[in-house]
Structures are given as C-alpha cells and as structure tokens.
Amino acid sequence: MALTIAIVGLPNVGKSTLFNALTKNNVLAANYPFATIEPNVGIVNLPDSRLAALASIFGSERLLPAPVSFVDIAGIVRGASEGEGLGNKFLANIREADAIAQVIRGFADPDVVHVDGAVNPAGDMETINTELILADLQTLDKAITRFEKEVKGRKMPPIVLETALKAQAVLDAGQPLSSATLDIEPIRELGLLTAKPFIYVFNVDEDVLQDADKLAVLAALVAPANAVFLDAKLESELSELDAEDAAEMLASTGQAESGLDQLARIGFDTLGLQTYLTAGPKETRAWTIHKGWTAPQAAGVIHTDFQKGFIKAEVFSFDDLVAAGSIAEARSKGKARIEGKEYVMQDGDVVEFRFNV
Ligand SMILES: Nc1ncnc2c1ncn2[C@@H]1O[C@H](COP(=O)(O)OP(=O)(O)OP(=O)(O)O)[C@@H](O)[C@H]1O
Ligand SMILES: [Mg+2]
C-alpha cells in the first residue's frame, strides 16, 4: 500500500522544486509559469529512525522504509476549468492519489513571476480550491448523465446516482466535498479531488520559518486542516547534503525537523495512517496501515494469505524491544505479547505473524 500524494498549486510557486527535494530528482524547476507539463512521479522513503535501531538488533541486511509516492503536475490558474493556462485536463493524472498537497507561495523574491502579479496566499488558495471544485463539477456532470442511464437500465444501484447528485449540490454551493458529511463511497471510482484529504504546504522564505507570528497567520488560513511550512529552495539544498551536514544546516535555520520530514509525518497523520514493523536477519521493514486496524488486517498488507490464515501475532513494542536489546531478552522479561484476531495495532509494534496456509 504505497501512499500517493499529489502536489497542486498555481504555476511557478515551487512545486517542482519541492518535488525534487522530496524525491532527490532533477526534474525541470524553472522561473517561468508552466515549466511542468507532463506529470513527474517519484517515490520517497518515509523517514523512520526506528528502522536502523531494529536492524542493528536483528543484524538485518536491508532496511525497507514505508514508501510514499509524490506526483508533481502542471500549475493550475484561475479559469482553468474554462481552458485558461493548460486547462484542467491534467488533473486526471491525480485522480488516483490518496491525498493532495497544495503548495502555496509565501516567498517574496520579486524576480520569480507570480501569475496574478502579487504574492497573496489567501487569494491563491481560493483560486486553487475554486478550480478544484469546478473540475469535480465537470467530472460529476459527465458521470451523472451516465449514471442516469445505467440506473434506469437497472445496471447500477440508485445510491450511486443519489450520491452523485448530493455531491453536485455540495460543490454547487462552493464547498469542497471534504467539508461535507456526505459518504462518497458509492462514487469513489470518480476520484473526486475535493473529497481527498488536504495538506497545505506554505513555501516561505527562511526568515519566515523562524517568525511564529507570521506562521500563525498562515496556519489560521487553513485551520483546521494541517499546514506544513518549508522553504523549498532550502529543502532542495538540504537534500543534496549528507545527513550530518543537513542536520547542521537545519539547526542553523532554527528548525528541528526538515520540511520534508514534516510533510511525510503530517501527511501520514492527516490520512490516519501508521506503520508497524517486521524485523529479521534479511530485512527490517515498515508497513503502512490505517490507524485502528486489527492484527489480521495488518497481516493482509504483507500477504492476503497472512490475513486469511491468521492464527496469532507475537508483538513487541518498539521501546521494550530496544531496551531489552534482543528478542530472547525481551521474551524472558515478559515483554512479548501474544495477540489474537481482535488486537488493534499500535504505532511502532514489532510483529511476527503466525498463520496457516
Ligand atoms: N522558497 C523559495 N524561495 C525563492 N524562490 C523559490 C522558492 N521556491 C521555489 N522558488 C523558485 O521559483 C521558481 C519556480 O519554481 P518551480 O519550477 O519549482 O515551480 P512550479 O510550481 O513547479 O511551477 P510550474 O507550475 O510552472 O511547473 C524557480 O525559479 C524556483 O527556484
Ligand atoms: Mg513545475
């Protein structure tokens, strides 16, 4: 289950710069609007310091962190739904994404063109959100015509059409679907963008990162949604350094955590995800699951047979295992828990599943 996050925003706000920093890629990031036309896709490892600690206990040959995939697309402008700029057809490239990260320009550099003439975070967000709502309305308009025929011909349950009409009403009122209480499960296949969880990424100057008042003003624009603050240019410089130099440079800007780590962490949180760990001599690996999943569901992420034939799981909490220093020691201290089908997984559980095939 690789989590996919789509990066959207106005042209020239730093989406590709951020993408490059995230994925250690080198796609075109340039000081003119619509530098990106075709989507860029890259995979990032979710940073997790627990992996190395476990690997040293188990003597693992490989570390396999949880993957997060990012999709960087073209910039969207006001009127995109009517064909302005590159239009909005390219949004189809992100229909399958699990979440959307909206990059909003906060940095000042007057040499970098702003498509609307001035830096205006609130206005930019409004433009993007409006265009996403209009894009969803276009998707729904087409789908509703199809659903009407299929429901009439009894090829589709009526709930699909009913849900589509309700979603249309929410969007017509200018609201994103995520703000409504509507259960859109029946129309999930449409991949409506405003129904996806949102993460707001403010791309600001380095000095703003240390200015709590300015950050609070920006955070208030998106509350209760989560905001990440970073300087994409600084992040791209950090991504080129080795870990030690990067940590030093980060500290010199007064930050404890890089913007990219923040984005990964907050992205996981926004989506209600967590990881559990497996470890052995071959590999130590992080597996992505939803919070609240039971042990058999978690086992199913490794292999469907693990879920079907689930018997029990031996579970250690990460801290106990590290404190004990080995599996044998943790067991003898009574830190091994045998859990059954009803067990709800906790973040950082180190697990070995027992199953029948
Ligand atoms: N935090 C920042 N401070 C200063 N300049 C920045 C910052 N982030 C990005 N830039 C600059 O903004 C310009 C546009 O960046 P980039 O190409 O990443 O934008 P984009 O959103 O991908 O644009 P497009 O939609 O056209 O593909 C580049 O010149 C980049 O160096
Ligand atoms: Mg770009």
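Structure's up top.
An account of the accompanying structure is given in this report. (Residues numbered from 1 in each chain as written. Chains lettered and ligands numbered in written order. Predicted model: local features only at pLDDT ≥ 70, side-chain atom pairs only at ≥ 80, totals over all residues. Heavy atoms only, no water.)

This next bit is on the overall build of the protein chain. Tallying secondary structure elements over the protein chain gives 13 helices and 12 strands in all. Taken over the C-alpha trace, the protein chain has a radius of gyration of 23 Å; the compact-globule value for 357 residues is 21 Å, and the two agree within 12%. For the protein chain, the C-alpha atoms occupy an extent of roughly 65 × 65 × 35 Å along the three principal directions. Within the protein chain, the proportion of its 357 residues that are buried is 48%. Only carbon and sulfur atoms are counted for the fraction: they give 51% of the accessible area of the protein chain, which is about 17,300 Å². Within the protein chain, one finds 31 positive and 50 negative side-chain charges whose respective centroids are separated by 10 Å. (Helix = DSSP H or I, 4+ residues; strand = E, 2+ residues; numbered from the N terminus. Rg over C-alpha atoms; globule rule 2.2 N^0.38 Å. Buried < 20%, exposed > 50% of the residue type's maximum accessible area, 1.4 Å probe, protein only. Areas by Shrake-Rupley, 256 points an atom, 1.4 Å probe, with all protein chains shown as cover. Lys, Arg positive; Asp, Glu negative; His and termini not counted. Charge placed at Lys NZ, Arg CZ, Asp CG, Glu CD.)

Distances from the magnesium ion (ligand 2) to its protein donors, namely Ser16 (OG) and Thr36 (OG1), fall within the range 2.0 to 2.1 Å. Placement of the pair is Ser16 in helix 1 (residues 15-23) and Thr36 in the loop between helix 1 and strand 2 (40-45), with a sequence separation of 20 residues. The exposure classification of Ser16 matches that of Thr36, with both residues buried. (Donors = N, O, S within 2.8 Å, 3.2 Å for Na, K, Ca; no water.)

This part takes up the site of ligand 1. Near ligand 1 there are 24 residues, and of these Lys15, Thr17, Phe34, Ala35 and Thr36 occur at the shortest range. Within the backbone of Asn12, one N or O atom sits 2.9 Å away from an oxygen atom of ligand 1. The contact in question runs from an oxygen atom of ligand 1 to an N or O atom on the backbone of Ala30, over 2.9 Å. When isolated, ligand 1 has an accessible area of 650 Å², and the protein chains bury 93% of it. Elements supplying a minimum of two residues to the shell around ligand 1: helix 1 and helix 7 (232-238). Its residues assigned to classes, the shell around ligand 1 comprises 13 nonpolar, eight polar and three charged. (Near = heavy atom within 4 Å. Polar contact = N/O pair within 3.5 Å; in protein donor to acceptor, adjacent residues only side chain to side chain. Nonpolar A, V, L, I, M, F, W, Y, C, P; charged D, E, K, R; others polar.)

What follows covers the pairing of strand 9 (residues 283-290). Inspection of the sheet shows strand 3 (residues 62-64) paired to strand 9 by three bridges, in the parallel sense. From the neighbouring strand, Leu63 faces strand 9, where its bridge partner is Thr284. Pairing between strand 8 (residues 273-279) and strand 9: seven bridges, direction antiparallel. Each residue of the ladder has a partner; that of Thr278, found in strand 9, is Arg285. A loop of three residues connects strand 8 with strand 9, the two strands running antiparallel in sequence. (Pairing = 2+ DSSP bridges.)

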